[in-house]
Structure formats: structure tokens, C-alpha cells
Amino acid sequence: MLCHHNGLTSHQHATPAAMPSLARVSSCSSRGMMKIKNNLMRHASAVSSLGLARPARKVVRVQAVDAAQPFDFEHKATTKMAAEGKLKIGIVGFGTFGQFLAQRFAAKGHRVLATSRSNYHDIAKQIGCDYYTDANDFCEEHPDVVVLATSILSTESVLKSLPVQRLKRSTLFVDVLSVKEFPKQLLLSTLPPEVDVLCCHPMFGPDSGKGSWQGLNFMFERVRIQGAPDGKRHKRCETFLNFFKEEGCRMVEMTCEEHDIQAASTQFVTHTVGRMLGAMQLKSTDINTKGFDALLNLVNNTANDSFELYYGLFLYNQNATDELERLENAFEAVKKQLLGRLHDIARAQIFPDGMVGPRGAQLGTLPSAPAQPPLPSALAPASLPPASKTIDITAKPVETGKK
């Protein structure tokens, strides 16, 4: 610290004549510092006496989603949920089936997020999940799993409009569509190669699965799960699958291609027959059989599904056209057999067995009918009279007298 007095500084050599002046400066500086200190203490005492408190210090909590620190909020929440075997599941498409899954997920303690084209805030609140009208906000919540529960026809447009770049690169995408080969190829061709893909089909819905899921089929294929077999990605996939297993589902692992082959002859045919019977407007009676009750249940189950779903089953499963043609051929075969038998019976009643028709054709003989004895001569066809005895019907009649 430099002290200036009469042009001298502390690093200059002072002359003997200047020494008394420097002593006075030092004494003056000490008294000045004490005076400043006393003034500060009196000011602090005055503030305290007036009841003025110092402003409270604000506590800063790091909750940034993109924070890289190991102590940030998202990391802590994710770690806690993982330790408890819980997932943050995002559902894209919050219609009837999306709500159906969300209820079960939330009931088991998973955190559920949802987004859709319509406003479902109230329904989501009742279920216990968070709803986002903006897909950007939805993706910035960084769900561990994104479940595509859209309609078959809108899946491609919805997926391409989703801001996937805002998700974590390790996100697991799951589709639950009723057809499988189409979404499998769509996800692989549209999504970044870093994300995981799991194709599933719960073979039940809000009607058939409104109670217990015990014994209900759940098809799945691990299309692309990256990382070590014992790594976090595989564990996350197994946690998701175990949810359905613990609910009692019968887990069926098969390829998406094989699924579509089998589903065409089961699910598509079921929906087709159900809609045909629904068009007949079948009604319950007082003498229903168990079989008829089963048909009515089939009609009710398929009638609650939209035509859009049924059309998607037909359009996006290349095996559906073959099954529809087989169904038509089978109906025609049964109809032909039924009407053919009726025609044989009616013909046998009109033409007795063995009766000969024009040009010697034998009428009314069934292939399985036993051989009949020859007809009596009285029933044989009469022969024409000789030409000399023929009568000219064009000749004028001869008038006879009256008796």
C-alpha cells in the first residue's frame, strides 16, 4: 500500500527532516481507520434497531432436464424409479386403447405421460397421468419408453411428425398395433438407428380385457435392443415385458411376419364374421343356445371397434385378401352343398325314380338311390297310330242331323 504525503512514497528514501511528518501520517491513518470502523458498527446497530432484516439468501436447486451433473433432478428421479423397477412410459395416441393401457400402467406405479391430437386433460387427470397437447413438451420429459397406440392408418403420419430429436437417443419405442410387419418396417426406416424397437400386440382390448388379463395372449418381438445383454437397455425392455407377464398374460414370442400370417386367419376372419352378423342385426331370444350367445358376444366385441381398425387390418396385412377370398369360397361351397341337396330332394319328388324323360334321358335317379324294378307295361309310353288311321284335324267337320 502506497501512502502519499508531500510528494513522498513509502518506497522512496525519506530524509531525516521528513521523518516527523511520516510519523504524523501513520498516526492519522490509524485514527481514520478506527473512525470508519466505528461508523460502520453504528450503522449496523441503527439498521437492527429499525427492524430491517437482511434479504434472505435464495436457494438454487438444479432441475434442468439437460443438466449433465450427477446430482440433477432428472437423474435422481430416474435412478429412484429404476431401483424400484418402475418406468416413465409415454403414450402417443390417447384414444380408447391408449387410455386402457395407461390405467394399468399407472395402477402399477409407473409414471405415465400422454399426448394426442385431441384434448384429454380431464381423462388423463382421472387416470393419474400427465397429459401434453404439445408433442415437444411431451418429448422433453424424456420418457424411458414411447408406446405408439395410434390407429393403424395414422401411424406413419404421427411418427413422422413426432420431434424424436428431443428424446434421449436410448429411448425404447414400442408399437401395439394389430398388424405387425408394417410398423416394424416403418420404425426401422424412420427412427434413428440409436433407439431401440420392440413390436408387441396385446391380443385383447378394452372389452375382452376389461377384467383380468390372466391367460390372454401377448405377442412380441425384440426387433432391435442394443447394448450388452445384461445392460440397462435390455433390463428396461424386460421390465416392460414383465409388466404384462405379471398381469397374467400368456407371452408369445414370434416374428412380426409370422404374426400377420396367423392373425389374418384368426383376427381378421373374426372381425369379418362379427361384422357380417352385426349387419344381420341379430337379437337375443328367450331360447338362446350357448352357441348363439357366443355369436352375440362376438358381434358386441367387434361392433365396439371402429371400422377404421377393421379397414387397417385388411389394408396393412397382405394376407388378409387371401383370407377374405377363402371365406367367400367357403361360403359359396356351403351354399352350393345346401341348395344342391334341396334340389335333389325336390327333383326326386317331382320325377319318380326311373321315369324317362325326352330323348331317353332318365329323370329323378339319384347317384345313391338303389336300383328300381322296371315299370309296369301300363305305364310305358303309348305308340303313335299307323299313318292310315291318322285324323286330319284341319278338315271341316261333317254336319249331322238332329235327333
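One can find the structure itself at the top, above this paragraph.
Bear in mind that the values here come from a model prediction, so they are computed numbers and not experimental data. (Residues numbered from 1 in each chain as written. Predicted model: local features only at pLDDT ≥ 70, side-chain atom pairs only at ≥ 80, totals over all residues. Heavy atoms only, no water.)

**Student:** Help me out: how do you make sense of the sheet that holds strand 5 (residues 172-175) in this one?
**Tutor:** By way of backbone hydrogen bonds, the strands of a sheet pair with one another, either parallel or antiparallel. As summarised here, the arrangement of the eight strands in space is 3-2-1-4-5-6-7-8, forming an open sheet in which the pairing is mixed. Strand pairing shows two members of the sheet lacking a second neighbour, strand 3 (130-132) and strand 8 (250-253), which therefore form its edges. Taking the axes of each pair of neighbouring strands and ignoring which way they run, one obtains an average angle of 25° across the sheet. In this fold helix 7 (residues 181-190) packs onto strand 4 (145-148), strand 5, strand 6 (196-202) and strand 7 (217-224), with an angle of close to 30° to the strand it touches most, strand 7. (Pairing = 2+ DSSP bridges. Helix = DSSP H or I, 4+ residues; strand = E, 2+ residues; numbered from the N terminus. Axes fitted to C-alpha atoms, helices over the stretch in contact; angles between N-to-C directions. Contact = heavy atoms within 4.5 Å.)

**Student:** Help me out: how do you make sense of the packing of helix 3 (residues 96-107) against helix 8 (residues 232-246) in this one?
**Tutor:** What describes two packed helices is the angle between their axes and the distance between those same axes. With their axes 12 Å apart at the nearest point, helix 3 and helix 8 run at an angle of 95° to one another. The angle between the axes of helix 3 and helix 8 places the two elements in the roughly perpendicular class. Contacts from Leu101, Arg104 and Phe105 in helix 3 reach Phe240, Phe243 and Phe244 in helix 8. For the contact of helix 3 with helix 8, the per-class residue count stands at five nonpolar, no polar and one charged. (Parallel < 35°, antiparallel > 145°, perpendicular 65-115°, else oblique. Nonpolar A, V, L, I, M, F, W, Y, C, P; charged D, E, K, R; others polar.)

**Student:** So what exactly am I meant to see when it comes to unusual backbone geometry here?
**Tutor:** Working note: non-glycine residues mostly have negative phi, and peptide bonds are mostly trans. Phi angles above zero are rare outside glycine, and histidine 142 is one such case at about 55°. Summarising the element assignment, histidine 142 is placed in the loop between helix 5 (135-140) and strand 4. In this structure, glutamine 281 takes a positive phi of about 55° despite not being glycine. You can see glutamine 281 is positioned in the loop between helix 9 (256-279) and helix 10 (290-303).

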